[in-house]
Every structure is written in structure tokens, then in C-alpha cells.
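Chains, contacts and geometry: an overview
The primary structure of each chain is shown beneath.
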Amino acid sequence: MKWTSLTLIASTVLLTACETTNPYTGQSQMSDATTGALIGAAAGAAIGVASSSKSDRGKGALIGAASGATVGGGIGYYMDTQAKKLEQELRATGISVTQNGNNIILNMPNSITFDVDQTELSTSAKRALFNVATVVNEYNKTNIAVYGFTDSSGSDSYNLRLSQVRAGEVSTFLINNKVKSSRITTIGKGESNPIASNSTAEGRAQNRRVQILLTPM
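Quick summary incoming for the structure in this document. (Residues numbered from 1 in each chain as written. Predicted model: local features only at pLDDT ≥ 70, side-chain atom pairs only at ≥ 80, totals over all residues. Heavy atoms only, no water.)

Within the structure shown, the criterion is met by two aromatic pairs. Relative to Tyr139, the ring of Tyr78 has its centre 5.3 Å away and its plane inclined at 70°; by these criteria the two rings are edge-to-face. With Tyr78 in helix α3 (residues 57-90) and Tyr139 in the loop between α4 (123-138) and β3 (142-149), this pair connects stretches of sequence that are 61 residues apart. On the basis of relative accessibility, which here comes to 23%, the residue Tyr78 falls in the partly exposed class. Measuring from ring centre to ring centre gives 6.4 Å for Tyr147 and Phe149, while their planes differ by 25°; the resulting arrangement is stacked. Classification of Tyr147 by relative accessible area gives partly exposed; the value is 21%. You can call Phe149 buried: its relative accessible area is 5%. A cation over an aromatic ring shows up here: Arg209 above the ring of Phe149, its NZ or CZ 3.9 Å from the ring centre. (Phe/Tyr/Trp six-rings, centres within 6.5 Å; stacked < 30°, edge-to-face > 60°. Helix = DSSP H or I, 4+ residues; strand = E, 2+ residues; numbered from the N terminus. Buried < 20%, exposed > 50% of the residue type's maximum accessible area, 1.4 Å probe, protein only. Lys NZ or Arg CZ within 6 Å of the ring centre and 35° of its normal.)

This is the structure we're talking about:
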């Protein structure tokens, strides 16, 4: 493909990414929207080339890149605005909101969700999860995976069961607040995937957690 075509593709991608504005902050959207546009443009260009005759491959790549950038950037923008809304709703609750590409991770430490060895959600956790349900009902084009984790205290089988029950409690609360069950996957991970050392009380407290992963459909 000629360099002029590649330049036009790059320009299309950058313009698509740069022109979006986050309605919650009023700032230009340059994070996941940009990433999505770049990925979409690359995929679209490849499809355009593959589906075009040899003489029209340059044109097909440009059309495919423009279409792919629009779709990809739209997904990134959608997830960005959802993350900003969650940050607003969960401020001061103790639940962190982290973006990784087009994925959103809500980390719920055990200190605000369950008492030690307990499976009943705390009042503060219910208030926070009600806000989560409100946002994900508004942004209903995302899948929701709820993961439960424990520390290494106790047997593997006990920890696995405890993590499954706790993740299930979170999922049930969301469903009871009008989140469609078809969107939700519930997974207990037990003591696997620690984020801190289990040799200290502080580390074990960090490992006892529930995480909610939001991904675009």
C-alpha cells in the first residue's frame, strides 16, 4: 500500500479519537477511545484489503479503517464514560475503579463487604452495590463477571467455597436490583491470585476481596 494511503488512515484514526468529549468531565476523550479507534482502524483496514480487488485495495483499506475506527473508538468512549460515572458514584465508598484497556475493574476489599468468615453483605457494601447496579443498568452493553477471593487461611476447599458464596451474594444483590442475570458470570477463585503476601495480617486482608470485571459486549 502506498505511504499516502497509510498517512490518510492514520489521520482518520487520530481525528476519530480526538473529536470525542467526555460528557461528565467536559474533557477530550483520549484514553480507551483512542486505543479502540486504533485497533478498529487496523482491523478495518485489513478487512478492507482482504475484501477488495487488487486494484481497489488501497481504497478498501481506507474505507475499512474509517469504519473500524468509528466502531472501535465508540466502544472505548462507551467504557470511558461508564468508568467516570462509576468513579463518581463510588467515591468515598472504599471501592476502587481501575481501567485496563476497554475493561473496568471494581475492587471491593473485604473490610467493606463481609466480616471475617461471614457471607452476608454489610450495609455499606449494599449501598455501594446499589450505585453499581444503577450505573450498569444505564450502560447495559457490558458483561459483568464477579470474582470472589480469599486469603490462604483454612483449607483450599473451604476457601474456594467461601469465595463462591461471597461472589454469589454480590451477583444476587445486583440481580435483585434489576441487572439482568444473563449479563452476569459468578466465579469463586479461593485463595488463588493473591495481590499481597499471605504471611502478614495486612496482606491477608488485601487478598480477601471481591472484584467486578466489566467488559464490552
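What follows covers unusual backbone geometry. With a phi close to 70°, Ala92 is a non-glycine residue in the positive phi region. Tracing the chain through its elements places Ala92 in the loop between α3 and β1 (96-100). In this model, Asn193 sits at a positive phi of 60°, which is unusual for a non-glycine residue. Asn193 gets classed as partly exposed once you look at its relative accessible area, which sits at 44%.

Let us look at the sheet that holds β3. An order of β1-β2-β5-β3-β4 is seen for the five strands of this open sheet, with the pairing classed as mixed. For this open sheet the edge positions go to β1 and β4 (184-188), each flanked by a neighbour on one side alone. On average, each strand axis in the sheet is inclined to that of its neighbour by 20°, with strand direction left out of account. Note that strand β2 (residues 103-109) and strand β5 (residues 209-216) share six bridges and pair antiparallel. Counterpart to Pro109 in the pairing with β5 is Arg209. In the packing of helix α5 (residues 156-176) onto the sheet, the strands contacted are β3, β4 and β5, and the crossing angle to β4 comes to about 160°. (Pairing = 2+ DSSP bridges. Axes fitted to C-alpha atoms, helices over the stretch in contact; angles between N-to-C directions. Contact = heavy atoms within 4.5 Å.)

Taken together, the five bridges between β3 and β4 define a ladder with parallel strand orientation. Paired with Ala145 across the two strands is Thr185, which belongs to β4. With α5 bridging β3 and the parallel β4, this β-α-β connection has right-handed handedness. (Right-handed = clockwise from strand over helix to strand, strands pointing away.)

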